[in-house]
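Descriptive analysis of the structure
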Amino acid sequence: MTYKIALLAGDGIGPEVTAQAVLVLEQIGTLYGHKFEIEPALIGGVAIDRTGVALPPETLKLAKASDAVLLGAVGDPRFDDPKVSERPEKGLLAIRKHLELFANIRPVKVYDELAHDTVLKPEIVRGIDLVFVRELTSGLYFGKPKKRWETTSGRKAVDSMYYTEHEIERVARVGFELARLRRKKLTSVDKANVLESSRLWRQVTIEAAKDFPDVTLEHLLVDTCAMSLIRSPRDFDVLVTENTFGDILTDEASVLAGSMGMLPSASLAGIPACGTCTFGLFEPIHGSAPTIAGKDIANPIATILTIAMLLRYSLALEKEAAAVECAVSNVLKAGYRTCDIIGTNAGAKQVGTIEMGSLIAKALKG
Ligand code: IPM
Ligand code: MG
């Protein structure tokens, strides 16, 4: 079978890490007899440079005509000036919104081999296996009014944490469905002691729970959640939360896994029923890391793990997805590490982006 994948490498380390992910995808094709037509397109700072906009219409058209989109990263300090109106990040937000990919799945799994090499105690992080469902197309990122203006009493700015019950319900359902396939516990994270949007979030989540009597629902305030994630992360199974809360908490959660370079993500419009698939956008949770771009030191594992999610959710190729995850685990077991996860293990062998990618591609089993 032939699958069409749009490749939006983006800025900074985006092209380096996606190149290794593509290598892994192509090796899966060879081993399992699939053909992947990979078509590149522009997004982010590189798109602004060449076309003037962060998400050119051709890129969106290609994404819509593909089975899945693989995205590297966007962001470039050249656009950091607050006066700049077209920023690389605008392209990423626009593609998520245009494609209506409201559920961003961010699994956090700690590999046993890395449990000794995070900044936390091994007994805290060993065995962590949790999943964030971050609402991705509404909330504080998109709510209106959203603007900056000048008044006689000084400059002002507003962002709005806006939600409709429909937006909350559909993402809560994704959380429940995922929990049902796992350890059947869903933590809904909000700030219901202060925010109206969170009080609606909590109400709608409780209503949705009626359809999932087999799943235990708990509510946690976002500040408490930030603390519990570090203190007792193994208590969590699936967490569902607002766009900005999810952005912040998943960066925090990457510390549990050893590095931002370890966490993949899938942006979907729902969880496909067993054996079926759905269109999705797949990207590592990390950014473009401009300071290490072009040095062959970025960790490509997060992006390679997004390939596993792409195979699983958008192509319904579960065996192939598991093969990618197994290859990553075996390469870590063999002691290979990029510099972000090198830790203090005396037996570790430090490798660069390209070598890590080739090791994982070679470790794939058909
Ligand atoms: C992420 C990133 C993006 C976000 C940025 C680059 C716009 O931080 O995917 O977590 O905030 O969603
Ligand atoms: Mg982020």
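Notes on the structure in this doc start here. (Residues numbered from 1 in each chain as written. Chains lettered and ligands numbered in written order. Predicted model: local features only at pLDDT ≥ 70, side-chain atom pairs only at ≥ 80, totals over all residues. Heavy atoms only, no water.)

1. Side note on the nonpolar core
It is characteristic of soluble globular proteins that their nonpolar side chains tend to be buried jointly. Applicable threshold: Grouping buried Ala, Val, Leu, Ile, Met, Phe, Trp, Tyr and Cys residues that are joined through side-chain atoms within 4.5 Å yields what is termed a nonpolar core. Using a 1.4 Å probe on the protein chains alone, a residue whose accessible area is under 20% of its type maximum counts as buried, one over 50% counts as exposed, and one in between counts as partly exposed. We count a stretch as a helix when DSSP gives it H or I for four or more residues in a row; a strand needs E for two or more, and each element gets its number in order from the N terminus. Whether two residues touch is decided by their heavy atoms; if any such pair falls within 4.5 Å, the residues are in contact.
I105, V133, I301, L311, Y313, V324 and I360 are the most contacted members of the largest nonpolar core, which has 87 residues in total. It is helix α10 (residues 301-314) that provides the largest number of residues to this core, a total of 9 residues. Apart from the residues lying within four places of it in its own chain, the contact partners of L311 are L25, I28, F36, A316, L317, E320, A321 and V324. Counting residues in each nonpolar core, the second largest holds 16 residues, with L55, L62, L92 and L281 among its members.

2. Things to note about the environment of Y162
When you line up the elements, Y162 lands in strand β7 (residues 154-162). Residues Y162 and A257, spaced 95 residues apart in sequence, show a C-alpha to C-alpha distance of 31 Å. Once residues lying within four places of it in the same chain are set aside, the contact partners of Y162 are S138, G139, G143 and E167.

3. Some details on the site of ligand 1
What counts, and what does not: Note on terminology: near, applied to a residue and a molecule or strand, indicates that one of the residue's heavy atoms is within 4 Å of it. Any pair of N or O atoms that falls within 3.5 Å is considered a polar contact. Within protein, one atom must be able to donate a hydrogen and the other to accept it, and sequence-neighbouring residues count only if both atoms are side-chain atoms. Note on areas: Shrake-Rupley, 1.4 Å probe, and residue coverage restricted to the protein chains presented here. Three classes are used: nonpolar for Ala, Val, Leu, Ile, Met, Phe, Trp, Tyr, Cys and Pro, charged for Asp, Glu, Lys and Arg, and polar for all others, with Gly counted as polar.
For ligand 1, the full set of nearby residues is E89, L92, R96, R106, R134, Y141, D247 and I285. Within the side chain of R106, a nitrogen or oxygen atom sits 2.9 Å from an oxygen atom of ligand 1. Within the side chain of R134, an N or O atom sits 2.9 Å from an oxygen atom of ligand 1. Protein burial of ligand 1: of its 320 Å² of free accessible surface, 82% is covered by the chains. Considering only residue class, the shell around ligand 1 consists of 3 nonpolar, no polar and 5 charged.

4. Some details on helix α12 (residues 353-363)
Of the residues making up α12, those classed as buried are T353, M356, G357, L359, I360 and A361. Lining the buried residues of α12 we find α1 (14-32), α10, α11 (318-333) and β13 (336-337).

5. Here we look at the pattern of salt bridges
Just so we agree on the cut-off: Between Lys or Arg on one side and Asp or Glu on the other, a salt bridge is scored when a side-chain nitrogen of the former is within 4 Å of a carboxyl oxygen of the latter.
What the rule picks out here adds up to 21 salt bridges. Among the salt bridges present, the one from R78 reaches D49, with a minimum N-O distance of 2.7 Å. Of this pair, R78 sits in the loop between β3 (68-73) and α4 (88-98) while D49 sits in helix α2 (residues 45-51), and the two are 29 residues apart along the sequence. A salt bridge links D76 to R78, with the shortest nitrogen-to-oxygen separation between them at 3.2 Å. Residues participating in the shared-partner salt-bridge network are D129, R182, R183 and D237.

6. Here's the deal with the side chain of E113
So the rule is basically this: In this charge count, Lys and Arg are treated as positive and Asp and Glu as negative; neither His nor the chain ends contribute.
Along the chain, E113 turns up in the loop between β4 (103-109) and α5 (122-125). Buried charge without a partner: E113 forms no salt bridge, and the closest opposite charge is K333, 4.3 Å away. For E113, the contacting residues outside a window of four places in its chain are S329, L332, K333 and R337.

7. Here's the deal with unusual backbone geometry
With an omega dihedral of 0°, the bond running from K144 to P145 counts as a cis peptide bond. Mapped onto the fold, P145 is located in strand β6 (residues 139-151). Backbone geometry at E100 places phi at a positive 55°, although glycine is not the residue there. With respect to the helices, strands and loops of the structure, E100 is situated in the loop between α4 and β4. Since its relative accessible area comes to 53%, E100 is described here as exposed. The backbone phi angle of A289 is positive, close to 40°, even though this residue is not glycine. Among the structural elements, A289 can be located in the loop between β12 (280-284) and α10. Residue classification places A289 among the partly exposed positions, given a relative accessible area of 27%.

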